[in-house]
Amino acid sequence: MVFFGTYEQDNNTSNGKEEIEWIVLAREGDQVLVISRYALDCIPYNRSPTSVTWETCSLRKWLNGTFLNAAFSESERAMIPSVTVSADKNPSYSTSPGNSTTDQVFLLSITEVNKYFSSNSARQCQGTAYCYAQGAYTNSSNGNCWWWLRSPGYDSSSAAFVYDDGSIFEFGNSVNYDNYAVRPALW
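Remember, predicted model here, so these are calculated numbers, not experimental data. (Residues numbered from 1 in each chain as written. Predicted model: local features only at pLDDT ≥ 70, side-chain atom pairs only at ≥ 80, totals over all residues. Heavy atoms only, no water.)

Observations concerning the nonpolar core
Step number 1: Among the nonpolar cores identified, the biggest contains 55 residues, and Tyr45, Leu59 and Phe67 are the most heavily contacted of them.
Step number 2: A per-element tally of this core places helix H1 (residues 58–71) first, with six residues. (Core = buried A, V, L, I, M, F, W, Y, C linked by side-chain atoms within 4.5 Å. Buried < 20%, exposed > 50% of the residue type's maximum accessible area, 1.4 Å probe, protein only. Helix = DSSP H or I, 4+ residues; strand = E, 2+ residues; numbered from the N terminus.)

A closer look at the layout of surface pockets
Step number 1: Volume-wise, the largest pocket comes out at about 180 Å³.
Step number 2: What lines the largest pocket is Val2, Phe3, Phe4, Trp22, Gln31, Val32, Val34, Met79, Ile80, Pro81, Leu186 and Trp187.
Step number 3: Secondary structure elements with two or more residues in the lining of the largest pocket: strand E1 (2–7) and strand E3 (31–36). (1 Å grid on protein atoms, 1.4 Å probe; cavity = no way out; pocket = protein on both sides within 12 Å on 5 of 7 lines; lining within 4 Å. Points joined across faces, edges and corners; volume = space filled by probe spheres on them.)

Quick notes on empty space enclosed by the protein
The method is simple in principle: a probe with the dimensions of a water molecule rolls over the atoms, and the space it marks as empty is what remains.
Step number 1: For the structure on display, the rule yields two cavities of 30 Å³ or more.
Step number 2: Looking at the largest cavity, its volume works out to about 50 Å³.
Step number 3: Every residue lining the largest cavity is listed: Trp54, Val85, Ser86, Ala87, Asp88, Pro97, Asn99, Arg150, Ser151 and Pro152.
Step number 4: Counting residues per element, the lining of the largest cavity draws most heavily on strand E8 (residues 147–152), which supplies three residues.
Step number 5: For the lining of the largest cavity, the residue count by class is five nonpolar, three polar and two charged.
Step number 6: Roughly 40 Å³ of internal volume is contained in the second largest cavity.
Step number 7: Forming the walls of the second largest cavity are Tyr45, Val52, Thr53, Trp54, Pro97, Arg150, Pro152, Asp155, Ser156 and Ser158.
Step number 8: Across the lining of the second largest cavity, the residue classes break down as five nonpolar, three polar and two charged. (Nonpolar A, V, L, I, M, F, W, Y, C, P; charged D, E, K, R; others polar.)

By themselves these figures say nothing about function.
Following this line, the structure appears as structure tokens:
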């Protein structure tokens, strides 16, 4: 675990933003790939129920604009490289994943979440109090949420996600669903 950046998490803005805790997924040279330990916010994959890809969705713009600027200082942003984010296909459906992108912040794909998490239990995630206050679904028995992946679902107006039990739902749900959480990833 590493701490880097700050974001509202306890849903009490009067005490300022809290440090973001990250899980290290991989190391390459002097860089590490990390994903937030907790789901940090609740944002639709795309604001409208239209055909999109990771390249064209509104969540990508939010992560690399609003979130990046809110969570990291100028010097911290300078430490986050812009990387090529692959347009990984959904292994179960032939939906076009669009084009690779260049991003500082992104979501994991189905391929990556299978590579970096060894089990359903490892993929289970709880949201922050702020995330739940923004409308994220929470399972009343285990406190876990659903979180978006960047991979397309069964068609271009759906996106894959991880269920509260940690299983991957490759079929996906409508991109404009507003109760799915966001776990940012970055190098």
